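Coordinate analysis (summary)
The chain contents come next:
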Amino acid sequence: MYILGGTSATSLATVLSRTLNQPLLKTTFKRFPDDEFYIRLEEPIEGEDVLIVQTAYPDAKIVELLIMQDAVCEAGAKRISVILPYFGYSRQDKKFEEGEAISARAIAEHISIHADEVITVDPHKEHILEFFTTPARSCSAVPQIAEYLKGKNIDLVLAPDMGAKDRALQAATLMGCESDYLEKTRIDGTTVKIHPKSLNVHGKTVAIVDDIISTGGTMANSIKELKHQGAKKIYVACTHGLFAGQAKEKLTSAGCDEIIATDTIESEFSKVSVAPSLAQALVHLA
Ligand code: R5P
């Protein structure tokens, strides 16, 4: 089996290659003067299994993925597995208003064309896996996030909304502490309201765990509410750190003690690797 690491998952592909003890496929990537993407596989892969690792975010990385899949298919790979550390567009998983697209389905269907299997990490909602027309499954980064947080003497793990409470509970159980959740209303893409909810956080060290940090609005408002209620230290952790716009500044100025994300999207906050979870999900292929 060969591992083909795309430009949005270079480090993760390298760690996976080491963990699974399978070689990285030699490739040439470049961009034409008009910025169109080019790939050439530098080794024959006819009859081989190939694992493509590429985060489908932002848009240009989705195009790169489709072109990589085409190259691997053209070269006669026996089986193509696509690892999507982060599946972009997964939050538009239904029509919230008439006239909208189901963007997650549109992307999933195209990725399925040259994929025998798709594996993603902590999808926003599990039902998006059904949008792929090829077998698709997920694995979770929560055990790795919990492992990292174990060293921080956390008293309480919080979800920023009810939809994320199972994730917080799973992390808390692994860390041997309590969990609870905040109540959030989303006003629009950049504005959320965290409702005051009496939590026993006075003098405590709290970790807020979510699947995605995008604009940072959810976490920043949660931090402010917890500070108001007397929390001593606040860690924020997510699987997918998009950190759009001024997210980092928002979190820091709200009084966050540490920001933790995984390497599904590579950033300065990628302190936790999802490679162990992916390797476990892939062990049958190695
Ligand atoms: C939404 O349901 C997600 O789980 C996250 O809470 C959300 O994507 C975070 O977005 P933002 O950082 O822009 O508040």
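Given the structure is predicted, the values throughout are model-derived calculations rather than measurements. (Residues numbered from 1 in each chain as written. Predicted model: local features only at pLDDT ≥ 70, side-chain atom pairs only at ≥ 80, totals over all residues. Heavy atoms only, no water.)

This part is about the nonpolar core. With 40 residues, the main nonpolar core has Leu149, Val157 and Leu278 as its most contacted residues. Considering each element in turn, this core owes the most residues, five residues, to helix H8 (residues 275-282). Two domains share this core, each providing at least three of its residues, namely domain 1 (2-140 + 274-281) and domain 2 (142-263). Setting aside residues up to four positions removed in sequence, Val157 forms contacts with Ala168, Ala171, Ala172, Met175, Cys177, Glu178, Ser179, Asp180, Ala207 and Val209. One finds Phe37, Ile102, Ala115 and Val118 within the second-largest nonpolar core, a separate group that totals 30 residues. (Core = buried A, V, L, I, M, F, W, Y, C linked by side-chain atoms within 4.5 Å. Buried < 20%, exposed > 50% of the residue type's maximum accessible area, 1.4 Å probe, protein only. Helix = DSSP H or I, 4+ residues; strand = E, 2+ residues; numbered from the N terminus. Domains from an automatic or database assignment. Contact = heavy atoms within 4.5 Å.)

What follows is about the environment of Phe87. Relative to the helices and strands, Phe87 is located in the loop between strand S5 (79-84) and helix H3 (103-112). Sequence separation between Phe87 and His110 is 23 residues, and the spatial gap between their C-alpha atoms is 13 Å. What Phe87 contacts, discounting residues up to four positions off in sequence, is Ala56, Ala104, Ile107, Ala108, Thr120, Ile128 and Phe132.

What follows concerns the pairing of strand S8 (residues 156-159). Every second residue of S8 is oriented toward a common face, with Leu156 and Leu158 on one face and Val157 and Ala159 on the other, all of them buried. In this sheet, strand S9 (residues 178-181) lies alongside S8 in parallel orientation, the contact comprising four bridges. Within the sheet, the bridge partner assigned to Leu158 lies in S9 and is Asp180. Handedness of the crossover joining S8 and S9 through helix H5 (residues 165-175) is recorded here as right-handed. Bridge count for S8 against strand S12 (residues 205-213) is three bridges, and the pairing is parallel. Within the sheet, the bridge partner assigned to Leu158 lies in S12 and is Ile208. (Pairing = 2+ DSSP bridges. Right-handed = clockwise from strand over helix to strand, strands pointing away.)

As a further point, take the site of the ligand. Around the ligand, the surrounding shell holds 13 residues, and the nearest of these are Asp210, Asp211, Ser214, Thr215 and Thr218. Note that an oxygen atom of the ligand is positioned 3.0 Å from one of the side-chain N or O atoms of Lys184. Between the ligand and Gly216 there is a distance of 2.8 Å, counted from an oxygen atom to a backbone nitrogen or oxygen. Among the secondary structure elements, those contributing two or more residues to the shell around the ligand are strand S10 (183-186), S12 and helix H6 (217-228). If one sorts the elements of the shell around the ligand by residue count, S12 sits on top with four residues. The residue makeup of the shell around the ligand, split by class, is two nonpolar, six polar and five charged. (Near = heavy atom within 4 Å. Polar contact = N/O pair within 3.5 Å; in protein donor to acceptor, adjacent residues only side chain to side chain. Nonpolar A, V, L, I, M, F, W, Y, C, P; charged D, E, K, R; others polar.)

These figures come from the coordinates and say nothing about function on their own.
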